[in-house]
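Coordinate analysis (summary)
The residues making up each chain are set out below.
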Amino acid sequence: MGSIFVSEDACAPLRRALEKTGHNVFNVLSSDIVLDAISSHPDIYMCRIKNILTIDDMIVTEPDIREMYIRQMQSDNDNFAESPIIPALRADDGRGHIVFEMGHIGYDYPEDAVYNAAATDRFFLHNISCTSPSLLDRARSAGLEIIPVRQGYTKCSCVTVGDRAVITADGGILRTLSAYNEEILKETGRREDTIDVLPVEQGHVKLPGFDYGFLGGASGCVEDVIYFNGDLSLHPDFEKIRIFIEERGYRVRYFPGEELTDIGSVIWLP
């Protein structure tokens, strides 16, 4: 059984679907830590690097993930003493682990984007000038290919599909990945070392308080299903998105009758 983090503002059908997966579901609650429009967005507070999920200690969830994790660690380790930074236990055992850290997140950009990286088991995309230093170190230690982009809200902007595929409407990310792929092909000639990229139209995703939101922030992968918070079929690139995802062995789940809305991603730790 793993853990799923989702905004308290997720649509009810998505919430019910996630609860049926059998994983623990944690609702991320709004607070005054960052701008109100994104204050319940999981990808503002956390980033998963392989089997380690780094979470900012300022996050507010229901149930309280900090309290639950401290209790678990105390039961696992008689010598454990509560600390603002909670180390991962047995980080190489293949299980999911959580690391809490503090002192990185801030109210305004770019301090509110320190964890908003798009990471897969092979790649780490972010504006590394604003990445949490410990998160960047963890990505490097995990052997991920670091690809710097200008967009700080990288996870919001990207639907990651498996280890080496991305869907995005962000022009800067598209240009960076195109240049990266060209360089890799020159060096190795191996297309399997590149990142598959599907460009989509900007907009068509709601984010209250802004002109529009981002498709990455309206989605998230749990096991072999990529969930969308709302009705993806109304997006003008729906068929391209569906085919792109299914060709890579994943299923698409969306919810007719609900407006496609950016909720800061659905983040799953197996």
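Above this text sits the structure in question.
To start, this report covers the structure provided alongside it. (Residues numbered from 1 in each chain as written. Predicted model: local features only at pLDDT ≥ 70, side-chain atom pairs only at ≥ 80, totals over all residues. Heavy atoms only, no water.)

**Focus: the overall build of the chain**
Check the secondary structure of the chain and you find 7 helices and 16 strands. For 270 residues, the compact-globule estimate of 2.2 N^0.38 gives 18 Å, and the C-alpha radius of gyration of the chain, at 18 Å, lies within 12% of that figure. If one aligns the C-alpha atoms of the chain with their principal axes, the spans along those axes are about 50 × 45 × 35 Å. In the chain, of all internal contacts separated by at least 6 residues, the share reaching a separation of at least 24 is 63%. On the chain, roughly 12300 Å² of surface is accessible, and the fraction owed to carbon and sulfur atoms is 47%. Between the centroid of the 25 positive side chains of the chain and the centroid of its 43 negative side chains there is a distance of 6 Å. (Helix = DSSP H or I, 4+ residues; strand = E, 2+ residues; numbered from the N terminus. Rg over C-alpha atoms; globule rule 2.2 N^0.38 Å. Contact = heavy atoms within 4.5 Å. Areas by Shrake-Rupley, 256 points an atom, 1.4 Å probe, with all protein chains shown as cover. Lys, Arg positive; Asp, Glu negative; His and termini not counted. Charge placed at Lys NZ, Arg CZ, Asp CG, Glu CD.)

**A closer look at helix α4 (residues 133-141)**
Buried within α4 we find L135, L136 and A139. With its buried residues spanning 100° around the axis, α4 presents them on a single face. With its phi angle positive at about 80°, G143 sits one or two positions after the end of α4. (Buried < 20%, exposed > 50% of the residue type's maximum accessible area, 1.4 Å probe, protein only. Arc of directions from axis to C-beta.)

**Section: the pattern of salt bridges**
Applying the stated rule across the entire model yields 12 salt bridges. Here R122 makes a salt bridge to D193, at a shortest N to O gap of 3.8 Å. With R122 in the loop between β7 (118-119) and β8 (123-126) and D193 in the loop between α6 (171-188) and β12 (196-199), the pair connects residues that are 71 residues apart, well separated along the chain. D224 is paired through a salt bridge with R251; the nearest N and O atoms lie 3.1 Å apart. (Salt bridge = Lys/Arg side-chain N within 4 Å of Asp/Glu carboxyl O.)

**Brief notes about the sheet that holds β12**
Taken together, the 3 strands give an open sheet; going across it, the order is β10-β11-β12, and neighbouring strands pair in mixed fashion. The open sheet has two free edges, formed respectively by β10 (158-160) and β12, since each of these has just one partner strand. The mean angle between the axes of side-by-side strands here comes to 20°, regardless of whether they run parallel or antiparallel. Sheet topology note: the β10/strand β11 (residues 165-168) ladder contains 3 bridges and is antiparallel. Paired with V159 across the bridge in β11 is I167. Taken strand by strand, α6 contacts β10, β11 and β12, and its axis lies near 150° from that of β12. Sheet contacts for helix α7 (residues 238-246): β11 and β12; angle to β12, the most-contacted strand, approximately 165°. (Pairing = 2+ DSSP bridges. Axes fitted to C-alpha atoms, helices over the stretch in contact; angles between N-to-C directions.)

**Focus on the sheet that holds strand β15 (residues 251-253)**
Judged by pairing direction, the sheet is mixed, and its 3 strands sit side by side in the order β13-β14-β15 without closing on themselves. Every interior strand has two partners, whereas the edge strands, β13 (219-222) and β15, have only one. When the angles between neighbouring strand axes are averaged without regard to direction, this sheet yields 25°. In this structure, strand β14 (residues 225-228) lies alongside β15, joined through 3 bridges in parallel fashion. Considered in β15, the bridge of V225 is made with R251.

**Some details on the packing of aromatic side chains**
Taken as a whole and assessed by the stated rule, the structure comprises 5 aromatic pairs. Plain terms: the ring middles of F123 and Y180 are 6.0 Å apart, the flat faces sit at 90° to each other, and that makes the pair edge-to-face. Placement of F123 in strand β8 and of Y180 in helix α6 is noted, with a sequence separation of 57 residues between them. A relative accessible area of 3% means that F123 is categorised as buried. Judged by relative accessible area, which is 14%, Y180 ranks as buried. Sitting above the plane of the W268 ring, R48 keeps its charged end 5.6 Å from the centroid. The cationic tip of R248 hangs over the ring face of F244; the distance from NZ or CZ to the ring centre is 3.8 Å. (Phe/Tyr/Trp six-rings, centres within 6.5 Å; stacked < 30°, edge-to-face > 60°. Lys NZ or Arg CZ within 6 Å of the ring centre and 35° of its normal.)

**Regarding a nonpolar patch on the surface**
Among the surface-exposed residues, L35, Y107 and F210 lie close enough to one another that they form a single nonpolar patch of about 280 Å² accessible area. Topologically, L35 is positioned in the loop between β2 (24-28) and α2 (42-45). (Patch = residues over 30% accessible without salt bridge, like charges linked within 9 Å, V, L, I, M, F, W, Y side chains within 5 Å.)

**Quick word on the nonpolar core**
Core analysis: the biggest nonpolar cluster contains 34 residues, and F5, I98 and F124 have the highest contact counts within it. Of all the secondary-structure elements, those providing two or more residues to this core are β2, α2, β3 (46-49), β4 (52-56), α3 (65-76), β6 (97-101), α4 and β16 (267-269). (Core = buried A, V, L, I, M, F, W, Y, C linked by side-chain atoms within 4.5 Å.)

**Some thoughts on the pairing of β2**
Sheet topology note: the strand β1 (residues 3-7)/β2 ladder contains 5 bridges and is parallel. Its bridge partner lying in β2, I4 is registered against V25. A crossover links β1 with its parallel partner β2, the connecting element being helix α1 (residues 12-19), and its sense is right-handed. Where β2 lies against strand β5 (residues 61-62), 2 bridges are found, and the strand directions are antiparallel. The residue of β5 that forms the bridge with V28 is T61. (Right-handed = clockwise from strand over helix to strand, strands pointing away.)

Purely geometric stuff here, so don't read any function into it on its own.
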